[in-house]
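# Chain and residue survey
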Amino acid sequence: MKTIFTFVLVLALSSAAAAAGKSVVYEVNGASYEGYYNRASGKAPLVLLVHDWDGLTDYEVKRADMLAELGYTVFDVDLCGAGVRPIKMEDKRQHTGELYKDREKMRALLNAALKAAQSQGANTGNAVAMGYCFGGAAVLELARSGADMKGFVTFHGGLKTPEGQDYSKAKGKFLILHGTADTAVTMEDFAALAAELEAKGVAHEMITYGGAPHAFTVFGGDRYREDADKKSWKRFTEFLSETLK
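In this report, the structure presented in the accompanying data block is examined. Remember, predicted model here, so these are calculated numbers, not experimental data.

Cut-offs applied
- Residues numbered from 1 in each chain as written.
- Predicted model: local features only at pLDDT ≥ 70, side-chain atom pairs only at ≥ 80, totals over all residues.
- Heavy atoms only, no water.
- Phe/Tyr/Trp six-rings, centres within 6.5 Å; stacked < 30°, edge-to-face > 60°.
- Helix = DSSP H or I, 4+ residues; strand = E, 2+ residues; numbered from the N terminus.
- Buried < 20%, exposed > 50% of the residue type's maximum accessible area, 1.4 Å probe, protein only.
- Axes fitted to C-alpha atoms, helices over the stretch in contact; angles between N-to-C directions.
- Parallel < 35°, antiparallel > 145°, perpendicular 65-115°, else oblique.
- Contact = heavy atoms within 4.5 Å.
- Nonpolar A, V, L, I, M, F, W, Y, C, P; charged D, E, K, R; others polar.

## Comments concerning the packing of aromatic side chains
- Here the structure, examined in full by the defined rule, presents 13 aromatic pairs.
- Ring centres of Y132 and F155 lie 5.0 Å apart, and the angle between their planes is 25 degrees; on these two criteria the pair is classed as stacked. Linking Y132 in strand 5 (residues 123–132) with F155 in strand 6 (residues 151–155), this pair joins segments that are 23 residues apart in sequence.
- The buried category is assigned to Y132, whose relative accessible area is 1%.
- With a relative accessible area of 0%, F155 lands in the buried category.
- Taking 5.8 Å as the distance between ring centres and 55 degrees as the angle between the ring planes, the aromatic pair formed by Y209 and F216 counts as tilted.

Structure follows, in structure tokens:
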């Protein structure tokens, strides 16, 4: 399981992160949200990173810092609210369940995060969105909304399309990285998404990793699979290089 996110702890762990990464508090409809921003030099391409169902934790900060080291500016989205980092299973289900039921709110929060990144100087015109698990489902929601981004990437993300939605407005390229042994998001879900994207003429690449269960990229977790994590990260960074100029 991921540990509770605290900016003080994370920034203390790395002098490089302390020099570049920072907390960004922004408001959406009167409520406060707290993202994490790590800016690379100049007008570097942007990666909008969306967290799993336990909120923005040190895991997403670590991934953001890894991307910043590669030359990308990163904004970690907060979909839960400032100071809200669910620990108990019922709390995680509650927070994500509310957004699954209110897709307009989910979209509003994602767009607000983009605006917050832009206010910090991020190059939102040259950007890719990526997400883990619940964050992957949120990234696909952003894509279906017609967001003008160059790419959308999911790692072991939720893949089902809500009733009444489709990918007719989708722009950019898709990269779907999935575990073949995932029982939470099945290979039937994976195949259904492939068929939907193909039917709408959406450019996509979809990869599965044998033996990899749900959450296979989460360091230290009992479902972590080093081989699948390294392979998927490599393909992701290649995708960024190919897509962002």
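The rest of the description comes next.
## Describing the packing of helix 4 (residues 89–101) against helix 5 (residues 103–119)
- It is at 5 Å that the axes of helix 4 and helix 5 come closest, and there the two elements cross at 105 degrees. It follows that helix 4 is roughly perpendicular to helix 5 by the angle criterion. Contacts between helix 4 and helix 5 involve L99, Y100 and K101 from the former and R103, K105, M106 and L109 from the latter.
- Class assignment for the residues of the contact of helix 4 with helix 5 results in four nonpolar, no polar and three charged.

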